Amino acid sequence: MQLRLPTTLSEVQRYLAEGAVPVGGATLVWALWQRDGFPEQAMSLRDLPEANLIEREALGAAVLLHQVDDRVPDVLRRAASTVGTGAVRRTATVGGNIVGSTLRCLLPAAMVLNARATVLDADGTYETDLADVVAKRHLLLGLRWRDPVASGYHKAAAEAGGPPPLVVATAVHAGSDGRHRLFVAVRDGYEVISENTPCHTGPEQVLQDLDRTELGSLPSTARDTIRREVSEILARPTGH
């Protein structure tokens with residue numbers, strides 16, 4: 001197997017046209033390749049500048065999870081810090097987690113940031129939403145978002161090899177009208193549900209509004225966790 005390491009977007013396009021398979025950190029595909037056979041060409045974006053950004057409002061797809069630090073919002077940093085073991089986080093990438101994984105631990109965090117994805121195909125780069133990236137498994141170059149006023153992240157304890165643990169991500173964004181809006185994303189099993197609502201109406205009204213969305217149909221344990229996480233973020237001085 002030949003590993004391609006492009007340094008420009010044009011090289012990425014050329015290698016894709018030649019059949020190179022995006023590899024991410026290889027934490028998810030290596031076992032499959034050992035079982036099913038290795039491709040002739042694989043491609044890593046680790047040397048591509050556009051895929052290695054770490055900024056307050058941007059994160060590249062080739063960034064390793066252990067590199068996600070306090071330069072990004074707390075919700076994204078905490079999400080990355082809970083993925084797998086330290087050894088996994090030193091190898092796994094942002095793009096591999098969002099596009100290649102069935103768990104997608106970073107997806108709820110990216111959704112409450114209202115992130116947009118930069119992807120690449122044969123025609124060049126363009127922006128799209130996260131749902132499109134997950135459904136069509138685009139080649140992800142990175143994520144961009146607006147810095148939230150506040151954010152939070154909760155991942156329930158779970159046994160190795162058991163069902164996916166509950167994840168609740170929250171973020172408050174400032175609106176152009178000066179009023180803030182709360183975003184909540186929940187991973188229950190393998191499904192991720194995302195909702196948002198104005199939060200200037202007060203905590204109890206916000207919780208009632210969320211109960212009337214798809215989040216209100218979740219199991220009681222999940223609803224209790226949502227209530228706790230929402231109440232906590234709205235109680236912060238910056239969360240009103």
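All of the points below concern the structure found in this document. (Residues numbered from 1 in each chain as written. Predicted model: local features only at pLDDT ≥ 70, side-chain atom pairs only at ≥ 80, totals over all residues. Heavy atoms only, no water.)

## Structural notes on the sheet that holds strand E3 (residues 41-43)
Strand pairing in a sheet relies on backbone hydrogen bonds, with the paired strands running either antiparallel or parallel. Strand order in the open sheet formed by 3 strands is E1-E3-E2, and the pairing between neighbours is parallel. On the outer flanks of this sheet lie strand E1 (2-4) and strand E2 (21-22), each paired with one strand and no other. Two strands pair when backbone bridges link them, and E1 and E3 are joined in this way by 3 bridges, in the parallel orientation. Pairing of Gln2 across the sheet is with Gln41, part of E3. (Pairing = 2+ DSSP bridges. Helix = DSSP H or I, 4+ residues; strand = E, 2+ residues; numbered from the N terminus.)

## Notes on the environment of Gln67
Position of Gln67 relative to the elements: it lies in the loop between strand E5 (58-60) and helix H3 (74-81). Under the relative-accessibility criterion, Gln67 is labelled partly exposed at 32%. Expressed as a C-alpha distance, the spacing of Gln67 and Pro108, which sit 41 residues apart in the sequence, is 19 Å. (Buried < 20%, exposed > 50% of the residue type's maximum accessible area, 1.4 Å probe, protein only.)

## Let's talk about the sheet that holds strand E10 (residues 167-174)
Ordered by their spatial adjacency, 4 strands build an open sheet running E9-E10-E11-E12, and the pairing between neighbours is antiparallel. If you trace the sheet from one side to the other, it starts and ends with strand E9 (150-155) and strand E12 (191-198), each paired once. Recorded for the sheet is a direction-independent mean angle of 10° between the axes of neighbouring strands. Relative to E12, strand E11 (residues 180-188) runs antiparallel, the two sharing 8 bridges. Looking across to E12, one finds that Asp188 is bridged to Glu191. Contacts between helix H8 (residues 203-211) and the sheet are confined to E11 and E12, with E12 contributing the most and set at about 135° to the helix. (Axes fitted to C-alpha atoms, helices over the stretch in contact; angles between N-to-C directions. Contact = heavy atoms within 4.5 Å.)

## With respect to the pairing of E9
Side-chain positions along a regular strand alternate between the two faces of the sheet. In terms of burial, E9 is largely enclosed, as 5 of its 6 residues are buried. Summarising the sheet, E9 and E10 pair through 6 bridges and their orientation is antiparallel. Looking at the pairing, Ser151 lines up with Ala171 of E10.

## A few points about the packing of H8 against helix H9 (residues 220-235)
A pair of packed helices can be characterised by two numbers: the angle between their axes and the separation between those axes. Put simply, H8 and H9 touch, their axes get as near as 10 Å, and they point 145° apart. Between H8 and H9 lies a crossing whose hand is right-handed. Of H9, the residues touching H8 (which contributes Pro203, Glu204, Val206, Leu207, Leu210 and Asp211) are Arg227, Val230, Ser231 and Leu234. In terms of residue class, the contact of H8 with H9 is built from 6 nonpolar, 1 polar and 3 charged. (Left-handed = near helix turned anticlockwise from the far one by under 90°. Nonpolar A, V, L, I, M, F, W, Y, C, P; charged D, E, K, R; others polar.)

## Things to note about the environment of Glu40
In this structure, Glu40 sits in the loop between helix H2 (30-36) and E3. Owing to a relative accessible area of 72%, Glu40 belongs among the exposed residues under this scheme. Considered as a pair, Glu40 and Thr213 are 173 residues apart in the sequence and their alpha carbons are 47 Å apart. Setting aside chain neighbours within four positions, we find Glu40 in contact with Met1 and Gln2.

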